[in-house]
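Listed below are the residues making up each chain.
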Amino acid sequence: MSAARLIQGNEACAEGALAAGCRFFGGYPITPSTEIAEMMAARLPRVGGKFIQMEDEIASMAAIIGASLAGLKVMTATSGPGFSLKLENVGFAAMCEVPCVIANVQRAGPSTGGPTAVGQGDIMQARWGTHGDHPTVAFMPYSVRDSFDLTVTGFNCAEELRVPVVILLDEVIGHMRERVELPDPAMLSIIDRRRPDPSVTAPSDYLPYDHSAEPVPAMADFGSGYRYHVTGLHHNERGMPTGKAPEIDRLVRRLAAKMELAREKYLLYEEHETEDAEILVIAGGSPVRPAKRAVRMAREAGIRAGLFVPRTIWPFPGDRVRELARTARRIIVPELNLGQMVLEVERYAYSSGAPVKIESLGRVDGELFTPGQIYTAIQEALL
Amino acid sequence: MPAISEYLRSGVLPHIWCPGCGHGIILAAILRAIARVDPPKDEVVVVSGIGCASRAPGYLDFNTLHTTHGRALAFATGIKLAKPNMRVIVITGDGDAAAIGGNHLIHAARRNIGITTICFNNSIYGMTGGQYSPLTPVGATATTAPYGHLEPSFDLCELARASGASFVARGTAYHTNALTDLVYQALENKGFSFVEAISQCPVSYGRRNKLGDAAAMLTWQKEHAVNVRAAAKLSPEELQGKVVTGVLHNSPRQEYTDAYAELAARLSQSKGGRPA
């Protein structure tokens, strides 16, 4: 452990990226994510890395994909409107299986909305924002330390699965300062993408999109001797465009299967007093802290309340929610939108067949929940 | 000097371009220029956007990347900065480079990043069937300008020069050898190079504008091209309707990734405290 520091979630996110081995950052200024770019601009040139502020959000997403193809671990950071702009190229990264990490420090929308106001309105967008069926893994940190940890995990996931990974911070998590002790980078478990082994795979035999390597083929760096084609068009195992239905089907299904692999290896969540909880609160991101307090207040009042915290938001840890729904009479879902994560909660909880009732507690005024607001919802659930 | 056939992925031919298209001629000129430089194939990256011209990299035995519409230069910037030793070439079209990708063109030129950009200008969106582009001449007919095009067109070479490109040239498919020479010089320039290559699209542009077949359109290029040295002696009236070709601008200055390397070296010498 290094010494304790008082830092923002955005700084912890940048520290996590550097610790995970990020050596390329393409950025564009936008509130409330800008501190991540500023910190990477200061640090990367000192560690042999590259930072560039591109001419727009689209270009910064494109630049990191290019740098990833050249072999570096890459990241960009954005918020609200900027995330919307990046999404076409996020789909390109998913289709071409280019590892990359996108920090989206969510602000209150829609549109320009509130640049310094907190929101969680991008939960569905993170999963489905780019067109077509595609894999996207997303993590949602609930504290400054969690921003560090989940950014490291996000890089590992991006590299192992060859997918774009979204770190869904929010304005409160990004700007809140907490005392943290960050782990020694040497103690972290770091995953690098699997590359073809020249002693095993000759360049002429290399299949950049080998379907038999289900579901993640080895990825060669541009310039490493494996010359291959990368295209956003439907492509065959060699990477060349194809219009053949069986090849297209095989490709799109293999890409989608990465979500199942993410479910096996990267499904992270926390639970507090859920074992006997008849009132279950499910919260992620900045609402976790007021929710924790509300659950504690409820316990002190003799109410059997518990808290479930998804840290991986996509894929959603629905199987565990389904189990918990068998004990809970009532599930309350506070989120800083008008009901996005709750749709997943409903999907899984109702499929349990248990007579659970689910309440969406939305807040969209650009402010964070108070513990009292969530506690009141718990009390009302008992009536 | 390698034969250009060594640069083709022969297994994926034939190409998708229409009979009479000028793009194959321009691609051959590019490959001859690369052969003259003769870099290791592993160190060459060819990046493109979307459109007819942008299908070229798929046929080439280099590291090749067919990106999203207009964004080739932004992807290429990431590659060049990540691996400055690589020779990065961008192939784009007039719609890809001047409309949806215009912002990336001016900023790549401003940075003077070491990317050689060749814009295949056929004056039209060919892939989608003949819609007007920023380089469609005023008055021409397109499927989205059925009554004649109202907008003046860009001079992309002027745009690239004004934005900071250190090498700018224009050639045509007809003048193939001259085009090869221009691309060769563009490749030899260390900073951002821009070459506009006039192509012909008999199917989606020529036919609709009664310009004749491919041979007639190539003859038009022959008759309307004026070398920049000859053009210097002509009046604006005499140059009306002509296409000025040759090296239009050649002014080497510091390349972007070199500047970045200098910064990194400077920082490694001054070990000072970690920046805030």
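From a predicted model like this one, the values you see are computed outputs, not experimental measurements.

Rules and cut-offs
Residues numbered from 1 in each chain as written. Chains lettered and ligands numbered in written order. Predicted model: local features only at pLDDT ≥ 70, side-chain atom pairs only at ≥ 80, totals over all residues. Pairing = 2+ DSSP bridges. Helix = DSSP H or I, 4+ residues; strand = E, 2+ residues; numbered from the N terminus. Axes fitted to C-alpha atoms, helices over the stretch in contact; angles between N-to-C directions. Core = buried A, V, L, I, M, F, W, Y, C linked by C-beta atoms within 7 Å. Buried ≥ 20, exposed ≤ 12 C-beta atoms within 10 Å, placed from the backbone. Contact = placed C-beta atoms within 7 Å. Expected span 1.5 Å × (residues − 1). Nonpolar A, V, L, I, M, F, W, Y, C, P; charged D, E, K, R; others polar. Parallel < 35°, antiparallel > 145°, perpendicular 65-115°, else oblique. Left-handed = near helix turned anticlockwise from the far one by under 90°.

Asker: Please explain the sheet that holds strand β10 (residues 243-250) of chain B as it appears in this structure.
Answerer: Strands sit in the order β10(A)-β2(B)-β1(B)-β3(B)-β4(B)-β8(B)-β7(B)-β10(B)-β9(B) across an open sheet of 9 strands; the sheet is mixed. Looking at the sheet topology across the chains shown, the edges are occupied by β10 (229-231) of chain A together with β9 (225-227) of chain B. Across this sheet, the average inter-strand angle for adjacent strands is 20°, counted without regard to direction. Sheet analysis places strand β1 (residues 44-48) of chain B next to strand β2 (residues 63-66) of chain B, joined by 4 bridges and oriented parallel. Note on β2(B): the bridge partner recorded for B:Val46 is B:Thr64.

Asker: Please explain the nonpolar core as it appears in this structure.
Answerer: Nonpolar side chains in soluble globular proteins generally cluster together in the buried interior. One finds A:Val281, B:Val45 and B:Ile79 to be the most contacted residues of the largest nonpolar core, which totals 201 residues. Top contributing element to this core by residue count: helix α3 (residues 57-69) of chain A, with 9 residues. Leaving out residues up to four positions away in the same chain, B:Ile79 has contacts with A:Gly66, A:Ala67, A:Leu69, A:Ala70, A:Phe222, B:Val45, B:Val47, B:Met86 and B:Val88.

Asker: Is there a simple way to think about helix α1 (residues 23-37) of chain B in this case?
Answerer: Residues three or four positions apart in an α-helix share a direction because the helix packs 3.6 residues into each turn. Residues and elements named next belong to chain B. With 15 residues, α1 should cover 21 Å at 1.5 Å per step; its first-to-last C-alpha distance of 21 Å lies within 8% of that length. Along α1, the residues classified as buried are His23, Ile26, Leu27, Ala29, Ile30, Leu31, Arg32, Ala33 and Ile34. At its buried positions, α1 is contacted by β1, β4 (115-121), α6 (176-188) and β8 (193-198).

Asker: In this structure, what is going on with the interface of chain B and chain A? I would like to understand it.
Answerer: Accessible area lost on assembly of the parts is the figure often given for the size of an interface. If you look at the interface, chain B gives 33 residues, while chain A gives 36 residues. Breaking the side of chain B that touches chain A down by element, the ones donating at least two residues are β2, α2 (72-82), α4 (102-111) and α11 (256-269) of chain B. Class assignment of the residues belonging to the side of chain B that touches chain A gives a composition of 16 nonpolar, 11 polar and 6 charged. In the sheet, β10(A) pairs with β2(B) via 3 bridges, with the strands oriented parallel. Following the sheet pairing, A:Thr231 is matched in β2(B) by B:His66.

Asker: I would appreciate a short explanation of the packing of helix α9 (residues 288-300) of chain A against helix α12 (residues 371-381) of chain A in the present structure.
Answerer: A pair of packed helices is captured by two measures, namely the crossing angle of their axes and the spacing between those axes. All names here are of chain A. In contact at an axis separation of 8 Å, α9 and α12 are set at 50° when each is read in the N-to-C sense. As far as their axial angle goes, α12 and α9 are oblique. The interaxial crossing formed by α9 with α12 has right-handed handedness. Within the contact between the two elements, α9 uses Pro290, Ala291, Arg293, Ala294, Met297 and Ala298 and α12 uses Pro371, Ile374, Tyr375 and Ile378. The residue inventory of the contact of α9 with α12, partitioned by class, reads 9 nonpolar, no polar and 1 charged.

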